[in-house]
Amino acid sequence: MKRTRRQYYTAAVERLFYWGIKRHFYAFLLSDLSAIAAKAAKQKENRTKFQLHERVFVKITKMQLTLEFGGGLELLCDSVKIHSVDVDLPAEEKKLTMKHLLAWVRSNLIKERPEMFMKGDTVRPGVLVLVNDCDWELSGQLDTTLENKDVVVFISTLHGG
Amino acid sequence: MESNGGVDESARLLRELQSLKDSKRDIEARISALEAQLQQVQSNQHLNKKASSDCSNGGSEFGHGLTPDMIYRYSRQLLLPSFGVQGQSNLLKSSILVIGAGGLGSPALLYLAACGVGRLGMVDHDVVELNNLHRQIIHGEAYIGRSKVESAAAACRSINSTIEIIEHKEALRTSNALAIVSKYDIVIDATDNAPSRYMISDCCVLLGKPLVSGAALGLEGQLAVYNYNGGPCYRCLFPTPPPTTACQRCSDSGVLGVVPGVIGCLQALEAIKVASLVGEPLSGRMLLFDALSARIRIVKIRGRSSQCEACGENPTLTQENFQQFDYEKFTQSPLSPAPLKLKLLTEDCRISSKEYEDVVKKGDAHVLIDVRPSHHYKIVSLPNSMNVPLANLEDKLPEISSALKSVNGGQDAGVYVVCRRGNDSQRAVQLLHKLGFMSAKDIVGGLESWAHDVDNRFPTY
Ligand SMILES: [Zn+2]
């Protein structure tokens, strides 16, 4: 839902922007180039401000994430594989890291045998963590900073055949 | 006296049987070694002969070494612009070893034989069982009870008699792995357990062989190419083995036949790509297959780790300590999937399935609790048993109490606990003792022993 809204906003702004250019093209016939450039720059600035405003708004409230469990880990959370969740930012923090998320998952999603999911403050051996389809080893493991709408996958390695 | 004599006699017979079986196994091992040697010698002769005949008439006149028969057989692959004569000719010169002729190995072997891999090896020590056939599609009913490798080799030969097929009818161990793997260019891990996966990966690192690793369980599969072109090895990804409880087996958790089939086909595909030098193998990436939701996800995984004990900058792995390394101890799980046999209870808290039969026959008042998960209970169960899965045991105590009251007013009524193989039933009895049901006893060996010792027509699964 949110993504559609954002796309709608972006499209609307873009439409306004290009409509502006079109108007300036006609204005070009009447006025000088520097005035047009100044106007265009101002419009661009407005556009960036608008997007920035939206991003900040989402960040300071909570993080919307998709969490997926596979390879048997879903059995630890009522056999549900995909969870769309809103995670509150930790108090006094401006960002959400994987370390926070793991603690959150442990207390909010894991219903049984937490030792099958975690060992210490990280995942147990044999669990792969993927942030947006990328091994978390490549993004800093526990220190990985999450963005709104990120997809985090926890998957247990399989041995059967 | 007489019964004692009988016991002695059966012990003697058992000993003699065991020693005969041992020597049979030794002889079989020697036979298969000699057969392999013979095959090697014959194939060398064959290759020499072919090479000389190719020079005089066949291959060389087309400039690529493919005979007219080969051109016709592999024509649909030769017609592929991105594969073509070069890809096929690379494939025909390559050798691939498939470890495990089970659910993953079956389709992999069939496709590799069909597509024209020059030399195809297979390793497995197991025999074909009826409950393999739903997924191990290379084997047929006629081969039940016979070696999986024999069965798979026959199937491959019937598809393509022009390639060399090598049978390794033995389990892959640290003592034979280096010798076997070194004879091949590419390895396919189609095994079903954690220690084998570490052993095979280490062996491939030591010998510099690319490893196409697949796994499947339930309705999910995973696939990756390790130790290829500077990419990571299995240990880079999983330096520490998972806890034993996290290593589920198909024989416990179940598997839909086609799922390992899909992964096995993809393993064959990746091996073909590596062998023919065509395309972009799945190295540094992993494919995750979820059959239930029809989702395939390909993710980027870490590169080679400099800290890796096998392939890193200061590896501790050498050929010598590979042969000494205890992979079963390392992963805390056995190489061959012998079912776990726990012994948590003392003898007086247990009865055999035969003794339980007497309880039933005498009509002794009792309650039989079956602690398997409900989807197991639906497959088959003993009459008059109540299903209380182990996970819910504590919550269902009132039900057990009222069941006890309904038989014989609860007076002197026995509580017997049964499961599939006799492990969970012991855990359940321990719990019941703790919760005050002191008379609870478990049936040793579970329903499997009931089927084996009491009622041969009782289904096993
Ligand atoms: Zn490594």
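Residues numbered from 1 in each chain as written. Chains lettered and ligands numbered in written order. Predicted model: local features only at pLDDT ≥ 70, side-chain atom pairs only at ≥ 80, totals over all residues. Heavy atoms only, no water.

## Observations concerning the overall build of chain A
A tally of regular secondary structure across chain A gives 3 helices and 8 strands. Seen in sequence order, chain A has helices and strands lined up from the N terminus as α-α-β-β-β-α-β-β-β-β-β. Buried positions account for 38% of the 161 residues belonging to chain A. At a minimum sequence separation of 6, the contacts of chain A that also span at least 24 residues come to 61%. As displayed, chain A offers around 9800 Å² of accessible surface, 57% of which is attributable to carbon and sulfur atoms. (Helix = DSSP H or I, 4+ residues; strand = E, 2+ residues; numbered from the N terminus. Buried < 20%, exposed > 50% of the residue type's maximum accessible area, 1.4 Å probe, protein only. Contact = heavy atoms within 4.5 Å. Areas by Shrake-Rupley, 256 points an atom, 1.4 Å probe, with all protein chains shown as cover.)

## A few points about the coordination of the zinc ion
All names here are of chain B. For the zinc ion, the protein coordination sphere consists of Cys233 (SG), Cys236 (SG), Cys308 (SG) and Cys311 (SG), at 2.2 to 2.3 Å. Coordination at the zinc ion is tetrahedral: its 4 donor atoms span angles of 92 to 118° at the metal. Read in sequence order, the donor residues coordinating the zinc ion give the pattern C-x2-C-x71-C-x2-C. With cysteine 236 in helix H9 (residues 234–237) and cysteine 311 in the loop between strand E8 (295–300) and helix H12 (319–324), this residue pair connects regions lying 75 residues apart in the sequence. The class for cysteine 236 is buried, based on a relative accessible area of 4%. (Donors = N, O, S within 2.8 Å, 3.2 Å for Na, K, Ca; no water. Tetrahedral: all angles 85-135°; square planar, octahedral: opposite > 155°, others 65-115°.)

## Regarding helix H16 (residues 397–406) of chain B
All names here are of chain B. Taken residue by residue, H16 has Leu397, Ile400, Ala403 and Leu404 as its buried positions. The buried residues of H16 occupy an angular sector of 125° when projected down its axis, which confines them to one face. Projecting away from the buried face of H16 at angles above 90 degrees are the exposed residues Pro398, Lys405 and Ser406. Within two residues after H16, asparagine 408 carries a phi angle of roughly 55°, on the positive side. (Arc of directions from axis to C-beta.)

## Remarks on unusual backbone geometry
Residue and element names in this part refer to chain A. Despite not being glycine, asparagine 132 has its phi angle at roughly 50°, a positive value. Mapped onto the fold, asparagine 132 is located in the loop between strand E6 (127–131) and strand E7 (145–146). Judged by relative accessible area, which is 40%, asparagine 132 ranks as partly exposed.

## Remarks on the packing of aromatic side chains
Two measures describe an aromatic ring pair: the distance that separates the ring centres and the angle between the ring planes. Per the stated rule, a full pass over the model turns up 12 aromatic pairs over all chains. Arranged with centres 5.3 Å apart and planes meeting at 25°, the rings of Phe69(A) and Phe154(A) form a pair that is stacked. In this pair, Phe69(A) sits in strand E1 (residues 62–70) while Phe154(A) sits in strand E8 (residues 151–156), placing the two residues 85 residues apart along the sequence. Phe154(A) shares its class with Phe69(A); the two are buried. Clustering of aromatic rings is evident, with ring pairs tying together Tyr198(B), Tyr226(B), Tyr234(B), Phe238(B), Phe322(B), Phe325(B), Tyr327(B) and Phe330(B). Above the plane of the ring of Tyr184(B) lies Arg119(B), whose end atom (NZ or CZ) is 5.4 Å from the centre. The ring of Phe325(B) is capped by Arg235(B), whose NZ or CZ atom sits 5.5 Å from the centre of that ring. (Phe/Tyr/Trp six-rings, centres within 6.5 Å; stacked < 30°, edge-to-face > 60°. Lys NZ or Arg CZ within 6 Å of the ring centre and 35° of its normal.)

## A word on the pairing of strand E4 (residues 186–189) of chain B
All names here are of chain B. The two faces of E4 match: Ile186 and Ile188 on one face and Val187 and Asp189 on the other face are all buried. Note: strand E1 (residues 95–99) against E4, 4 bridges, orientation parallel. Bridging across to E4, valine 98 finds its partner in isoleucine 188. Each parallel crossover has a hand, and for E4 linked through helix H8 (residues 194–207) to strand E5 (residues 211–217) it is right-handed. (Pairing = 2+ DSSP bridges. Right-handed = clockwise from strand over helix to strand, strands pointing away.)

## Some thoughts on the side chain of Arg235(B)
All names here are of chain B. By the element assignment, arginine 235 lies in helix H9. When its relative accessible area of 8% is taken as the criterion, arginine 235 is described as buried. Those residues in contact with arginine 235, other than ones at most four positions away along the chain, are Tyr198, Ser201, Asp202, Cys308, Ala310, Phe325, Tyr327 and Phe330.

## Observations concerning the sheet that holds strand E3 (residues 164–168) of chain B
Residue and element names in this part refer to chain B. If you trace the 8 strands from one edge of the open sheet to the other, you get E3-E2-E1-E4-E5-E6-E7-E8, paired in mixed fashion. A strand with exactly one partner marks an edge of an open sheet, and here the two such strands are E3 and E8. Between one strand and the next, the sheet's axes are offset by a mean angle of 15°, whatever the strand orientation. Two elements, strand E2 (residues 119–123) and E3, share 5 bridges in a ladder whose sense is parallel. Among the inter-strand pairings, glycine 121 is bridged to a residue of E3, identified as isoleucine 166. Here helix H5 (residues 105–115) sits on the sheet in contact with E1, E2 and E4, set at roughly 165° to E2. (Axes fitted to C-alpha atoms, helices over the stretch in contact; angles between N-to-C directions.)

## Things to note about the confidence of the model for chain B
Residue and element names in this part refer to chain B. Scored by pLDDT, chain B comes out at a mean of 92, with 94% of its residues at no less than 70. Counted against residues more than four places away or in other chains, residues 53–59, with its pLDDT under 50, gives 7 contacts. Per the prediction output, this complex has pTM 0.78; the corresponding ipTM is 0.78. (pLDDT = per-residue confidence, 0-100.)

## Some remarks on the environment of Ile166(B)
All names here are of chain B. Residue position: isoleucine 166 is located in strand E3. Isoleucine 166 gets classed as buried once you look at its relative accessible area, which sits at 5%. For the pair isoleucine 166 and valine 149, spaced 17 residues apart in sequence, the C-alpha to C-alpha distance is 9.2 Å.

## Some details on the nonpolar core
Looking at soluble globular proteins, one finds that nonpolar side chains tend to be buried together. All names here are of chain B. Residues Ile96, Leu109, Leu112, Leu120, Met122, Cys156 and Ile188 are the most contacted members of the largest nonpolar core, which totals 45 residues. Broken down by element, the residue count for this core peaks at 7 residues, all from helix H11 (residues 258–276). One finds Leu178, Tyr198, Cys204 and Cys308 within the second-largest nonpolar core, a separate group that totals 39 residues. (Core = buried A, V, L, I, M, F, W, Y, C linked by side-chain atoms within 4.5 Å.)

## Looking at the interface of chain B and chain A
Accessible area lost during the coming together of the parts is what is often quoted as the interface size. With 37 residues of chain B in contact, the opposing surface of chain A contributes 27 residues. Overall, the association of chain B and chain A removes approximately 2600 Å² of surface from exposure, summing both partners, and the carbon and sulfur fraction of that is 57%. Area buried by chain B at its contact with chain A is led by Glu220(B), Arg297(B) and Arg302(B), which between them contribute 24% of it. On the surface where chain B and chain A come into contact, there are 6 salt bridges. With a closest N to O distance of 3.2 Å, Lys81(A) and Asp290(B) form a salt bridge. One can count 18 residue pairs in polar contact (both at pLDDT 80 or more) joining chain B with chain A. (Buried area = accessible area lost by both parts, 1.4 Å probe. Salt bridge = Lys/Arg side-chain N within 4 Å of Asp/Glu carboxyl O. Polar contact = N/O pair within 3.5 Å; in protein donor to acceptor, adjacent residues only side chain to side chain.)

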